[in-house]
Structure formats: structure tokens, C-alpha cells
Amino acid sequence: MKIRKINLRHVVSPCDAIAFLRMEIPDERHYGPLPFGHVRYAYQGVEQEAGFPMDLDKEIFLTRFDEVPVKNALGEDEPLDAAAWQDLEAAFRNAAPEILAAVHKDYAARWQRFFASDEEVETSQADTSAGKTAEAQA
């Protein structure tokens, strides 16, 4: 299974300690992108191993924010106080609409390319059929 990565570096965080990096979405070959993804982020400049899972159809995060461990620069779990967890949760909740907009924009561009390629195939097949009909009549 392929993982589709959508850049989220343009998403502004209201909290200086958090930087959004990317959305990772499983992309099943025959079915397209699945409706679930992980928001990857950095905390105090350190990319975190655990992202926050998100249901893209329901547009909600699927875990409690205080259940996901935060790693420091040494790779050790860093205990956060209640205020830090609230800042983390607020940053993600405030950024959710912008994150979803980036995902929808990526999906729209992908489907547009998909349908454009199908139309070209249909047109070329129609042209071929019309040519054969003209030859048969001659």
C-alpha cells in the first residue's frame, strides 16, 4: 500500500511549539485514498513519531490529544503539563479546517487529472470508431 503525503507546512499554528508537516493517507491501488490519515507534526522542532489520526469523512481527530506521547530532541518521552496539552489540542483543532482544505484540494486535483485522462481515452476511441465507420462506407 502506498502512502500519499500532502504538505502541511503552509498551515499556521497558533502555538509556537508546534509546526505542521504533512498529512499521510494510505492510498490503496484499486480504491484510491482511504478516508483516514495521520497528521504529522513537529513539537519544539522535533518531528514526532506518533501523529494524530484523523477521519477525513467525519472531519474529526480519532484520539485524545493527551494520550499521544511527545518526544524531546533526545527521543525520550517529555511530560507535558495540562496547559501544554491544551495548547497542543487547541492548535490542532484550530488548524483542522485548513488541514482538511489542503486534503480536499489535493483530492480535487487528483480526480481532475484522472477524469481528464479518461476523457482523452474516450475521445481517441471515438475518433478511431468514426474512422472505421467512414472506411467501411467507402
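Heads up: the structure comes first, above all this text.
Just so we're clear, the structure is a prediction, and the values are computed from it rather than from any experiment.

A. Seen up close, unusual backbone geometry. At Gln44, a residue that is not glycine, the phi angle is positive and equals roughly 50°. Note on placement: Gln44 falls in the loop between strand 4 (36-43) and strand 5 (46-47). In this structure, Glu59 takes a positive phi of about 60° despite not being glycine.

B. Region of the structure containing the packing of aromatic side chains. A complete count under the given rule lists five aromatic pairs for this structure. Ring geometry for Tyr41 and Phe52: centres 5.4 Å apart, planes at 25°, overall stacked. With a gap of 11 residues between them, Tyr41 in strand 4 and Phe52 in strand 6 (residues 52-55) connect regions that are remote in the sequence. Note on Phe52: relative accessible area 0%, which makes it buried. Ring plane angle 90° and centroid distance 5.1 Å describe the contact between Tyr41 and Phe92, whose orientation is recorded as edge-to-face. In this pair, Tyr41 is assigned in strand 4 and Phe92 in helix 1 (residues 82-137), connecting sequence segments 51 residues apart. Of the two residues examined, Tyr41 and Phe92, each falls in the buried class.

C. Examining the nonpolar core more closely. Ranked by size, the top nonpolar core spans 32 residues in total, and within it Ile18, Phe20, Met23, Val39, Met54, Phe92 and Ile99 carry the most contacts. Contributing elements (two or more residues each) for this core: strand 2 (18-28), strand 4, strand 6 and helix 1. Here the element with the most residues in this core is helix 1; it accounts for 12 residues. Look past the residues within four positions of Phe20 in its chain and what remains in contact with it is Leu8, Arg9, Val11, Val12, Ser13, Val39, Arg40, Tyr41, Ala91, Phe92, Ala95 and Ile99.

Quick notes on the rules
- Residues numbered from 1 in each chain as written.
- Predicted model: local features only at pLDDT ≥ 70, side-chain atom pairs only at ≥ 80, totals over all residues.
- Heavy atoms only, no water.
- Helix = DSSP H or I, 4+ residues; strand = E, 2+ residues; numbered from the N terminus.
- Phe/Tyr/Trp six-rings, centres within 6.5 Å; stacked < 30°, edge-to-face > 60°.
- Buried < 20%, exposed > 50% of the residue type's maximum accessible area, 1.4 Å probe, protein only.
- Core = buried A, V, L, I, M, F, W, Y, C linked by side-chain atoms within 4.5 Å.
- Contact = heavy atoms within 4.5 Å.

Spatial relationships are all this shows, so hold off on functional conclusions.
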